[in-house]
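Here is how the chains run, residue by residue.
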Amino acid sequence: MSLKKIRFFCKSSWFSLLVGLLMLQGLAIVSDAHADPQAELTETSHDFGQVREDMTLVHDFVVKNTGNENLQILLVDPDCACTVAKYDRVIPPGGTGVISLQIQPFSVVHAFKKKTLVRFNAPDLSSVNLVLAGNAQKSIEIEPSHIVRFRGAPKDDLTAQVKMTSNLPFPWEITKVENFQPDKFVATLKTEKPGKVYVLEVRNKTLDEGHYAGMIQLFTNVVHKPKIIIRVIADLYPDSVRP
């Protein structure tokens with residue numbers, strides 16, 4: 001091989017090597033530019049529909065990391081102390097994690113919507129709000145109210161009824177009635193539908209004029225709601241000052 005050809009070969013080899021190095025460096029730069037975590041959620045809201053206030057409500061939100069780096073869940077911040085969160089803090093590339101949200105019993109009633117803010121280390125989706133919604137029915141409906149009010153003269157027939165209806169999936173029982181002011185009023189419990197509907201009749205018995213406030217405590221067989229409190233408030237005055 002002539003000296004001229006050797007020089008040309010060397011120059012060509014060095015040029016090819018340089019081009020190869022530049023291409024590898026470019027690929028590395030491109031690769032580094034896309035080496036990010038990416039958060040992908042199948043849903044961001046869930047509707048429980050019709051539920052009862054005594055129920056524990058739980059839903060799992062699935063998070064997938066479609067990026068090339070570890071996805072970190074930096075923050076899970078519910079807007080209500082009634083919501084308890086459990087979640088996977090780190091999700092590897094191609095992996096799947098869960099954010100589990102639980103609403104505690106007796107913390108929602110009627111139509112509700114609870115939000116939880118979630119923050120990721122993903123540049124494409126750094127934060128998202130997860131929403132839990134539904135309509136919670138009271139476990140025990142009290143009509144017309146848990147407060148009984150008497151206004152009138154002591155000699156009047158002052159009587160009121162409080163109807164209590166259970167929406168629980170098992171027989172509901174009132175096991176005991178405790179009257180804290182038996183000298184002021186009489187409390188009588190009647191069963192309208194066993195295990196389902198009860199009526200509490202309250203009747204004023206004092207002949208004294210003036211104001212009094214009392215309480216009736218009903219004991220039940222429900223673990224989460226073992227007592228129901230009925231307040232009794234009376235304003236008794238003589239006939240001459242009847243409004």
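The rules we used
- Residues numbered from 1 in each chain as written.
- Predicted model: local features only at pLDDT ≥ 70, side-chain atom pairs only at ≥ 80, totals over all residues.
- Heavy atoms only, no water.
- Pairing = 2+ DSSP bridges.
- Helix = DSSP H or I, 4+ residues; strand = E, 2+ residues; numbered from the N terminus.
- Phe/Tyr/Trp six-rings, centres within 6.5 Å; stacked < 30°, edge-to-face > 60°.
- Buried < 20%, exposed > 50% of the residue type's maximum accessible area, 1.4 Å probe, protein only.
- Lys NZ or Arg CZ within 6 Å of the ring centre and 35° of its normal.
- pLDDT = per-residue confidence, 0-100.
- Contact = heavy atoms within 4.5 Å.

Caption draft 1: Spatial organisation of the sheet that holds strand E9 (residues 127-137). Ordered in space as E2-E9-E8-E4-E6, the five strands form an open sheet in which the pairing is mixed. Pairing within the sheet leaves two strands with one partner each, and these edge strands are strand E2 (45-52) and strand E6 (90-91). Direction of pairing for E2 relative to E9: parallel, over a ladder of six bridges. Pairing of Gln50 across the sheet is with Asn135, part of E9.

Caption draft 2: Local environment of the packing of aromatic side chains. On inspection of all chains with the given rule, the structure shows two aromatic pairs. Ring centres of Trp172 and Tyr198 lie 5.2 Å apart, and the angle between their planes is 80°; on these two criteria the pair is classed as edge-to-face. Taken as a pair, Trp172 in the loop between strand E12 (159-166) and strand E13 (174-179) and Tyr198 in strand E15 (residues 197-204) lie far apart in primary sequence, 26 residues in all. Each member of the pair Trp172 and Tyr198 is classed as buried. When the centroid spacing of 6.3 Å and the interplanar angle of 20° are considered together, the rings of Phe185 and Tyr212 count as stacked. Of this pair, Phe185 sits in strand E14 (residues 185-193) while Tyr212 sits in strand E16 (residues 210-220); the two residues are 27 residues apart in sequence, bridging distant segments of the chain. Tyr212 shares its class with Phe185; the two are buried. Over the aromatic face of Phe219 sits the side chain of Lys176, whose NZ or CZ is 5.3 Å from the ring centroid.

Caption draft 3: The confidence of the model for the protein chain, seen in detail. Within the protein chain, residue pLDDT values average 88, and 84% of them lie at 70 or more. Low confidence marks residues 5-10, where pLDDT is under 50. Its contacts with residues over four positions away, or in another chain, come to one contact. Here residues 27-33 scores under 50 on pLDDT; set against residues more than four positions off or in separate chains, the count is zero contacts.

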